[in-house]
Amino acid sequence: GVSASPGGDGAKWTGMAGRRVAGVSPHGLDRTSLLWSLGGGVVIDLAGFVAAIYFRGIPYVSSPTTLLAQVDSCIGGKTGVNSGAGKNLIGAFHHPALVIADTDTPQTLPERIWNEGFAEAIKHGIIRDAALFAAIAEVDRRDPAAFVARNIAIKAEIVATDEREQTGLRSLLNFGHTIGHAIEHAAGVRLRPILMTT
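Residues numbered from 1 in each chain as written. Predicted model: local features only at pLDDT ≥ 70, side-chain atom pairs only at ≥ 80, totals over all residues. Heavy atoms only, no water.

Novice: Tell me about the side chain of Thr 65, and please be specific about residues and values.
Specialist: You can see Thr 65 is positioned in the loop between strand 2 (60–64) and helix 3 (67–73). Judged by its relative accessible area of 18%, Thr 65 is buried. Beyond its immediate chain neighbours, meaning those up to four positions away, Thr 65 contacts Leu 38, Gly 39, Gly 40, Gln 70, Thr 105, Pro 106 and Leu 109. (Helix = DSSP H or I, 4+ residues; strand = E, 2+ residues; numbered from the N terminus. Buried < 20%, exposed > 50% of the residue type's maximum accessible area, 1.4 Å probe, protein only. Contact = heavy atoms within 4.5 Å.)

Given below as structure tokens:
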């Protein structure tokens, strides 16, 4: 049987990766097998990490289902899990063999989950594309394909020039992440969103 697991970052830890490896082993997966991930960013990260460590690396396909996963998590090959010492400290660079981003899937999600993807899109606009940044408020949830494609292109372009974060260019993609993760760690990841209205 499959037991329920915590959602979000609660599922992204070494014990869960170990469970996933133990879960695929009885099905006969070997070095020639392919792992397929279908879900949001946490699923994409966790599956990529499991693929990276299983038999020292098997190929995987990434099928992101949230806007955030489509514009961020599925591109770049950074896979990892959290530890008591911090977020994403245990991981590997392991690119998916294929990414299939069906831009119809985010339309089925609650508005809050849909909106989470815009944090990354705003970042991409600020660091690389003023026109994208200016158009964010106009994105049509019923047809986000061009918007998703532009975000993927921005991230892929940066990753291609600094795949393993060695030249410093890829650090542009950490804009907001580093301080955000530090705040989460200091707060014990107990932050609650505050909605401001006028």
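Novice: Provide a residue-level description of helix 2 (residues 41–53), including the pertinent values.
Specialist: Taking 1.5 Å per residue as the helical rise, helix 2 with its 13 residues ought to reach 18 Å, and the 18 Å between its terminal C-alpha atoms agrees with that figure. Counted residue by residue, helix 2 has ten buried out of 13 residues, so it is predominantly covered. Buried within helix 2 are the following residues: Gly 41, Ile 44, Asp 45, Leu 46, Ala 47, Gly 48, Phe 49, Val 50, Ala 51 and Ala 52. On its buried face, helix 2 is in contact with helix 1 (14–24), strand 1 (35–39), strand 2, helix 3, strand 3 (78–83) and strand 4 (86–93). (Expected span 1.5 Å × (residues − 1).)

Novice: So what about the pairing of strand 3? Which residues, and what values?
Specialist: Bridge count for strand 3 against strand 4 is five bridges, and the pairing is antiparallel. From the neighbouring strand, Thr 79 faces strand 4, where its bridge partner is Ala 92. Where strand 3 hands over to strand 4, the hairpin turn is made up of two residues, counted between the paired strands. (Pairing = 2+ DSSP bridges.)

Novice: Before we move on, can you summarise the packing of aromatic side chains with the specific residues and values?
Specialist: Evaluation of the coordinates by the stated rule reveals three aromatic pairs. Taken together, a centroid distance of 4.9 Å and an interplanar angle of 85° make the contact between Tyr 54 and Phe 55 edge-to-face. An angle of 35° between the planes, with centres 5.5 Å apart, marks the rings of Phe 118 and Phe 147 as tilted. Of the two residues, Phe 118 sits in helix 4 (residues 111–128) while Phe 147 sits in helix 6 (residues 145–161), which places them 29 residues apart along the sequence. Three or more aromatic residues joined by ring pairs make a cluster, and in this case those are Trp 114, Phe 118 and Phe 147. (Phe/Tyr/Trp six-rings, centres within 6.5 Å; stacked < 30°, edge-to-face > 60°.)

Novice: I'd like a rundown of the sheet that holds strand 2, residues and numbers included.
Specialist: The three strands lie next to each other as 1-2-5, forming an open sheet whose pairing is parallel. Edge positions in the sheet fall to strand 1 and strand 5 (98–99), since each has one partner strand and no second. Of the pairings in the sheet, the one linking strand 1 to strand 2 comprises five bridges and is parallel in character. Considered in strand 2, the bridge of Gly 39 is made with Pro 64. Along the sheet, helix 2 makes contact with strand 1 and strand 2, crossing strand 1 at roughly 165°. (Axes fitted to C-alpha atoms, helices over the stretch in contact; angles between N-to-C directions.)

Read these as spatial facts, not as claims about activity.
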